[in-house]
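Residue strings, one per chain:
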Amino acid sequence: MKLSRIMSAAIAAVIIQSCLPLPILAGPDRNLAPQWNLTVDQIDTGDSSIAPEFKVAIYEGLLTELAKTKRFSAVLRSGDRDASDIQNLLILRTAVESFTPGSETKRAVTTVAGATKLKVRSQLCTRQGQIVFERVIDGNVRFLGGNLRATHNLAHNVAHAIEKATLPEPGPSNQDQ
């Protein structure tokens, strides 16, 4: 009986958390200076042979990891209706440059084969199209872990690079009038 109450409470907490927008999950804005807001565009796979589950995992990982940085007031999904009303908005565009599928079995047997590798070009742009940040970033899994772990590592690396980057100050000249 007690275990079922605990399970019910845990399930309720997960449901509530999944319904909250990412700005609430990112916590209160402790910085008095204006911050950028961010919308994350869908992943451009280009000519790569990346599987759809990798594309979705990269996108979801970016949303989660960028919200954790607290660098942005809000982290929004592509197509979010609220983005049109938000000031100081940056757009993250991510294009897959290369993808090498790996093998969990080969990684388990040997340490020199089976790595899953991803390389993407990430750009932060203003609404006017001005690029304020651009970098080619890698994500991979070489030893232990599932193939999708490479997408988590990639999202973490992108978020870390953006967190450390010097961005222009948000202000009236950066707003879309």
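Quick notes on the rules
Residues numbered from 1 in each chain as written. Predicted model: local features only at pLDDT ≥ 70, side-chain atom pairs only at ≥ 80, totals over all residues. Heavy atoms only, no water. Helix = DSSP H or I, 4+ residues; strand = E, 2+ residues; numbered from the N terminus. Expected span 1.5 Å × (residues − 1). Buried < 20%, exposed > 50% of the residue type's maximum accessible area, 1.4 Å probe, protein only. Contact = heavy atoms within 4.5 Å. Salt bridge = Lys/Arg side-chain N within 4 Å of Asp/Glu carboxyl O. Core = buried A, V, L, I, M, F, W, Y, C linked by side-chain atoms within 4.5 Å.

**Q** I would appreciate a short explanation of helix H5 (residues 149-164) in the present structure.
**A** Note on helix geometry: an α-helix contains 3.6 residues per turn, so any two residues three or four positions apart are oriented the same way. Between the first and last C-alpha of H5 there are 23 Å, a value that for 16 residues agrees with the 22 Å anticipated at 1.5 Å per step. Three or more residues of H5 are buried, namely Ala150, Thr151, Leu154, Ala155, Val158, Ala159, Ala161 and Ile162. Taken together, the buried residues of H5 touch helix H3 (52-69), strand S3 (89-100), strand S4 (116-126) and strand S5 (131-141).

**Q** Sorry if this is basic, but what is going on with unusual backbone geometry here?
**A** Phi at lysine 70 is positive, roughly 60 degrees, even though this residue is not glycine. Its place among the elements puts lysine 70 in the loop between H3 and strand S2 (75-77). At asparagine 88, a residue that is not glycine, the phi angle is positive and equals roughly 55 degrees. Here asparagine 88 shows up in the loop between S2 and S3. Since its relative accessible area comes to 9%, asparagine 88 is described here as buried.

**Q** Just to check I follow, could you spell out the pattern of salt bridges for this structure?
**A** Side chains carrying opposite charge are able to pair once their charged atoms draw close together. By the definition in use, this model includes 5 salt bridges. Glutamate 60 is the salt-bridge partner of arginine 77, the closest N and O atoms lying 2.9 Å from each other. Linking arginine 77 in strand S2 with glutamate 60 in helix H3, this pair joins segments that are 17 residues apart in sequence. The class for arginine 77 is partly exposed, based on a relative accessible area of 37%. Judged by relative accessible area, which is 32%, glutamate 60 ranks as partly exposed. Linked through salt bridges whose partners overlap, the residues forming this network are Glu97, Arg121 and Glu134.

**Q** I would appreciate a short explanation of the nonpolar core in the present structure.
**A** The tendency in soluble globular proteins is for nonpolar side chains to be buried side by side. Counting residues in each nonpolar core, the largest one holds 34 residues, and the members touching the most others are Val40, Leu62, Leu66, Phe72 and Leu124. Among all residues touching leucine 62, those that are not within four sequence positions of it are Val40, Ile43, Leu92, Thr94, Ala155 and Val158. Among the nonpolar cores identified, the runner-up in size contains 5 residues, and Ala74, Leu76, Ala83 and Leu89 belong to it.

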